[in-house]
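Residue strings, one per chain:
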Amino acid sequence: MDAQNRENFLNKLAERMGRPRQLVPEPMPAPLNDYATTRLTDLDPQALCQTFIESAKAMMVDVIETNEAEAKSAVLSACEKYGGGPIILTGDERLAQLGITQDVQANYDADIWLPQNGDENLKHAEQANIGINYAEYGLAESGGVVLFSGKDKGRSVSLLPEKSIVVVRKSLVLPRVAQLAKILHDKAVLGERMPSCVNIISGPSSTADIELVKVVGVHGPTTKVYVVIDDLA
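Just so it is clear, the model here is predicted, and its values are computed rather than measured.

(A) The arrangement of the overall build of the protein in detail. Scanning the protein from N- to C-terminus turns up nine helices and twelve strands. Over its C-alpha trace the protein gives a radius of gyration of 23 Å, far above what one expects of a compact globule, namely 17 Å for 233 residues. Along the first, second and third principal axes, the C-alpha atoms of the protein reach 75 × 45 × 45 Å. Taken over 233 residues, the protein has a buried fraction of 40%. Of the contacts made within the protein by residues no fewer than 6 positions apart, 73% connect residues no fewer than 24 positions apart. As presented, the protein carries roughly 13,400 Å² of accessible surface, and 53% of it is formed by carbon and sulfur atoms.

Shown next as structure tokens:
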């Protein structure tokens, strides 16, 4: 459709609707409140983290609070509680820095998601009993965790195993999605490389599509565990 035909079509359409064509967008109405950006931002870090933990437990997440020194022991305890291997971990260097990667490999049949392994990564994730990830952020309002995907952090590690363990620091708990969006926006403005995928996960997989009856474990892990490291001064 050329420009003249398009104009004729739109003019005729406006005439049939009994109103003039709207050529200038109407301004957005003023918001009634600023809750989208301010909700929970008045909480101090400890209160924010407590809200995060309570929200997570409400979503049927098993929350294990620990400190930096005991983080690897807490992860091993969670692995033991939920049936052990086979296990797959992301190749996230932060897991290795905490000693988690090394200890899990020493105690269980465990594989690491490595870019050079190609489709073998998916095979290990499909067969794994537990997947272990390191969260970029926690979200207080929903009790969710934010996972960035990348070459050494395949999203399948959090989606395919029957159980999922996520390590998250209290210092990285945000009030809600609005603050995460601001962080990602600022990264984009600075030209930083964005993650290939951003996953926000709140609890084990579930659905209530049929008569609002909640069923857990339909399309992902049946169990979600957060190992929450208290690193607040």
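(B) Local environment of helix 6 (residues 100-107). Taken residue by residue, helix 6 has Ile 100, Thr 101 and Val 104 as its buried positions. Down the axis of helix 6, the buried set is contained in an arc of 95°. They therefore lie on one face. Buried residues belonging to helix 6 abut helix 4 (71-81), strand 2 (87-89), helix 5 (93-97), strand 3 (110-112), strand 4 (130-134) and strand 7 (163-169).

(C) Just the nonpolar core, in detail. The biggest cluster of nonpolar side chains holds 23 residues, and the ones touching the most others in it are Ile 87, Val 104, Ile 132 and Val 167. Other than its neighbours up to four places away in sequence, Ile 132 contacts Val 75, Cys 79, Ile 87, Ile 88, Leu 89, Thr 90, Leu 95, Val 104, Val 157 and Ile 165. Ranked by size, the runner-up nonpolar core spans 18 residues in total, among them Leu 48, Ile 53, Val 166 and Val 228.

(D) View of the sheet that holds strand 4. Reading across from one edge, 1-12-7-4-2-3 is the order of the six strands in this open sheet, with parallel pairing throughout. Sheet topology places strand 1 (61-66) and strand 3 at the edges, where each strand pairs with a single neighbour. When the angles between neighbouring strand axes are averaged without regard to direction, this sheet yields 20°.

(E) Up close: the environment of Met 60. Along the chain, the position of Met 60 falls in the loop between helix 3 (45-58) and strand 1. When its relative accessible area of 43% is taken as the criterion, Met 60 is described as partly exposed. Each C-alpha atom, one on Met 60 and one on Ser 196, is 28 Å from the other, the two residues being 136 residues apart in sequence.

(F) Layout of the pattern of salt bridges. What the rule picks out here adds up to 14 salt bridges. Between Glu 141 and Arg 39 there is a salt bridge, with the nearest N and O atoms lying 2.6 Å from each other. Remark: Arg 39 occurs in the loop between helix 2 (35-38) and helix 3 and Glu 141 occurs in the loop between strand 5 (137-139) and strand 6 (144-149); sequence separation between them is 102 residues. Using a relative accessible area of 31% as the deciding quantity, one classes Glu 141 as partly exposed.

(G) Broad picture of the pairing of strand 6. A large share of strand 6 lies buried, amounting to six of its six residues. Every second residue of strand 6 is oriented toward a common face, with Gly 144, Val 146 and Phe 148 on one face and Val 145, Leu 147 and Ser 149 on the other, all of them buried. As paired strands, strand 5 and strand 6 are joined by three bridges and run antiparallel to one another. Within the sheet, the bridge partner assigned to Tyr 137 lies in strand 6 and is Val 146.

So, how was this worked out
- Residues numbered from 1 in each chain as written.
- Predicted model: local features only at pLDDT ≥ 70, side-chain atom pairs only at ≥ 80, totals over all residues.
- Heavy atoms only, no water.
- Helix = DSSP H or I, 4+ residues; strand = E, 2+ residues; numbered from the N terminus.
- Rg over C-alpha atoms; globule rule 2.2 N^0.38 Å.
- Buried < 20%, exposed > 50% of the residue type's maximum accessible area, 1.4 Å probe, protein only.
- Contact = heavy atoms within 4.5 Å.
- Areas by Shrake-Rupley, 256 points an atom, 1.4 Å probe, with all protein chains shown as cover.
- Arc of directions from axis to C-beta.
- Core = buried A, V, L, I, M, F, W, Y, C linked by side-chain atoms within 4.5 Å.
- Pairing = 2+ DSSP bridges.
- Axes fitted to C-alpha atoms, helices over the stretch in contact; angles between N-to-C directions.
- Salt bridge = Lys/Arg side-chain N within 4 Å of Asp/Glu carboxyl O.

Function-wise, these values are silent; they only describe arrangement.
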